[in-house]
Amino acid sequence: MCGNNMSVPLLAEAVTVSGTERETAAVIFLHGLGDTGHGWADTLMGIQLPHVKFICPHAPKIPVTLNMRATMPAWFDLMGLSPDSPEDESGIKKAAENIRAIIEHEVRNGIPPERIILGGFSQGGALSLYTALTCQHQLAGVVALSCWLPLHRSFPSASSGNKNLPILQCHGEVDVMIPVQFGALTAEKLKYIVNPQMITFRTYPGLSHSSCPQVQSFCCWWKSHIFS
């Protein structure tokens, strides 16, 4: 393969899990606030397909308003966790540009965009949704776990117009950090951005702001279905 990871800042330090066969597809997965790419790499290895490459980049460390301006890994600043909270518009757009740079790198290295899934958990899931919806490429799909759609008021006009983008949302029913109602509102909003039949919204009783084996298994099935 050609291309230089150093030309894409987030790829230089990203955790990359290579496929065991010739790589014809890729999953780019974005961690949540305060985590790193290592936090999800082991989990993803457990649901890997032999021809799929996993890329788990690390968010830069920035002051986060929500956490008393403490510096931690974050894709963009967070002022609050309600649908009406102020948002870091410039930070969100810059973060999306950085993720699109990873997508472009993989495309240049021979993986078609329709064989690339973008996913993430919490803040990472939010960024994956925003990036996929504003990306000029038609991606294979999005896996959005326990998250919301950033800058939701800018849609559908901000969308790149790819109506057939499959989106899987999974959300715990007892999530107190990002309540499941926010996930449901996001799912309804998404139906005005992409074709409604492209949206799958699954909720999990007893699950808080985390993942679980059932979510991982469903993501594996969905990934296999997309890449079949």
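Residues numbered from 1 in each chain as written. Predicted model: local features only at pLDDT ≥ 70, side-chain atom pairs only at ≥ 80, totals over all residues. Heavy atoms only, no water.

Chemist: Any chance you could explain the sheet that holds strand β3 (residues 52-56) here in plain terms?
Modeler: The strands making up a sheet are joined through hydrogen bonds of the backbone, oriented either antiparallel or parallel. Strand order in the open sheet formed by seven strands is β1-β3-β2-β6-β7-β8-β9, and the pairing between neighbours is mixed. Pairing within the sheet leaves two strands with one partner each, and these edge strands are β1 (15-17) and β9 (199-204). With direction set aside, neighbouring strand axes in the sheet form an average angle of 15°. Note that β1 and β3 share three bridges and pair antiparallel. Across the sheet, valine 15 pairs through a bridge with cysteine 56, a residue of β3. The strands that helix α2 (residues 38-45) touches are β1, β2 (25-30), β3, β6 (116-121) and β7 (141-145); relative to β1, the one it contacts most, it runs at about 5°. (Pairing = 2+ DSSP bridges. Helix = DSSP H or I, 4+ residues; strand = E, 2+ residues; numbered from the N terminus. Axes fitted to C-alpha atoms, helices over the stretch in contact; angles between N-to-C directions. Contact = heavy atoms within 4.5 Å.)

Chemist: Explanation requested: the packing of aromatic side chains in the structure shown.
Modeler: Describing an aromatic ring pair means giving the distance of the ring centres and the angle of the ring planes. Summed over all chains, the structure comprises three aromatic pairs. Ring centres of tryptophan 40 and phenylalanine 121 lie 5.5 Å apart, and the angle between their planes is 40°; this geometry places the pair in the tilted category. Here the residue tryptophan 40 occupies a position in helix α2, and phenylalanine 121 occupies one in strand β6, the gap between them amounting to 81 residues. Take tryptophan 40 and phenylalanine 121: they sit in the same class, and that class is buried. On the basis of an interplanar angle of 80° and a centroid distance of 5.7 Å, the ring pair of tyrosine 130 and phenylalanine 155 is categorised as edge-to-face. One end of the pair, tyrosine 130, is in helix α4 (residues 123-134); the other, phenylalanine 155, is in the loop between β7 and β8 (167-172), and 25 residues separate them in sequence. Classification of phenylalanine 155 by relative accessible area gives buried; the value is 4%. Linked through ring pairs, Phe29, Trp40 and Phe121 together constitute an aromatic cluster. (Phe/Tyr/Trp six-rings, centres within 6.5 Å; stacked < 30°, edge-to-face > 60°. Buried < 20%, exposed > 50% of the residue type's maximum accessible area, 1.4 Å probe, protein only.)

Chemist: Sorry, what's going on with the UniProt feature "domain: Phospholipase/carboxylesterase/thioesterase" (unreviewed entry) in the protein here?
Modeler: Residues annotated in UniProt with the feature "domain: Phospholipase/carboxylesterase/thioesterase" (unreviewed entry) correspond here to residues 13-214. The annotated region residues 13-214 carries 26% helix and 22% strand content, and the separation between its end C-alpha atoms amounts to 30 Å. (UniProt positions renumbered as here; feature names shortened; annotations may be inferred.)

Chemist: Would you mind going over the layout of surface pockets with me for this structure?
Modeler: Empty pockets left among the atoms are what a rolling probe the size of a water molecule brings to light. Approximately 310 Å³ is the volume found for the largest pocket. Contributing to the lining of the largest pocket are 21 residues, with Ser82, Pro83, Trp148, Leu149 and His152 lying nearest its centre. The dominant element in the lining of the largest pocket, judged by the number of residues it contributes, is helix α5 (residues 180-190), at four residues. Size it by volume and the second largest pocket reaches roughly 170 Å³. Lining the second largest pocket are 14 residues, and of these Gly32, Leu33, Ser122, Met177 and His209 lie nearest its centre. (1 Å grid on protein atoms, 1.4 Å probe; cavity = no way out; pocket = protein on both sides within 12 Å on 5 of 7 lines; lining within 4 Å. Points joined across faces, edges and corners; volume = space filled by probe spheres on them.)

Chemist: Is there a simple way to think about the side chain of arginine 115 in this case?
Modeler: With respect to the secondary-structure elements, arginine 115 resides in the loop between α3 (89-108) and β6. There is a polar contact of 3.0 Å between the side chain of arginine 115 and the backbone oxygen of phenylalanine 227. With sequence-adjacent residues up to four places away left out, arginine 115 is seen in contact with Thr24, Ala25, Ala26, His51, Ala140 and Phe227. (Polar contact = N/O pair within 3.5 Å; in protein donor to acceptor, adjacent residues only side chain to side chain.)

Chemist: Would you take a moment to explain the pairing of β7 for this structure?
Modeler: Walk down a regular strand and you will see the side chains alternate between the two sheet faces. Here β7 lies mainly inside the structure; five of its five residues are buried. Residues Gly141, Val143 and Leu145 line one face of β7 and the alternating positions Val142 and Ala144 line the opposite face, and both faces are buried. One ladder, built from five bridges, connects β6 with β7; its direction is parallel. In the sheet register, leucine 118 faces β7, and the bridge partner there is valine 142. Crossover β6 to β7 through α4 is right-handed. Relative to β8, β7 runs parallel, the two being bridged by four bridges. For leucine 145, the partnering residue across the bridge sits in β8 and is cysteine 170. (Right-handed = clockwise from strand over helix to strand, strands pointing away.)

Chemist: Where do I start with the packing of α3 against α4 in this structure?
Modeler: For any two helices packed against each other, the geometry comes down to the angle between their axes and how far apart the axes lie. Orientation of α3 relative to α4, taken along the N-to-C sense of each, is 70°, at an axis distance of 9 Å. By the angle between their axes, α3 is roughly perpendicular relative to α4. For the pair formed by α3 and α4, the contact residues are Ile92, Lys93, Ala95, Ala96, Ile99 and Arg100 on the first element and Leu127, Tyr130, Thr131 and Thr134 on the second. Residues belonging to the contact of α3 with α4 are distributed by class as follows: six nonpolar, two polar and two charged. (Parallel < 35°, antiparallel > 145°, perpendicular 65-115°, else oblique. Nonpolar A, V, L, I, M, F, W, Y, C, P; charged D, E, K, R; others polar.)

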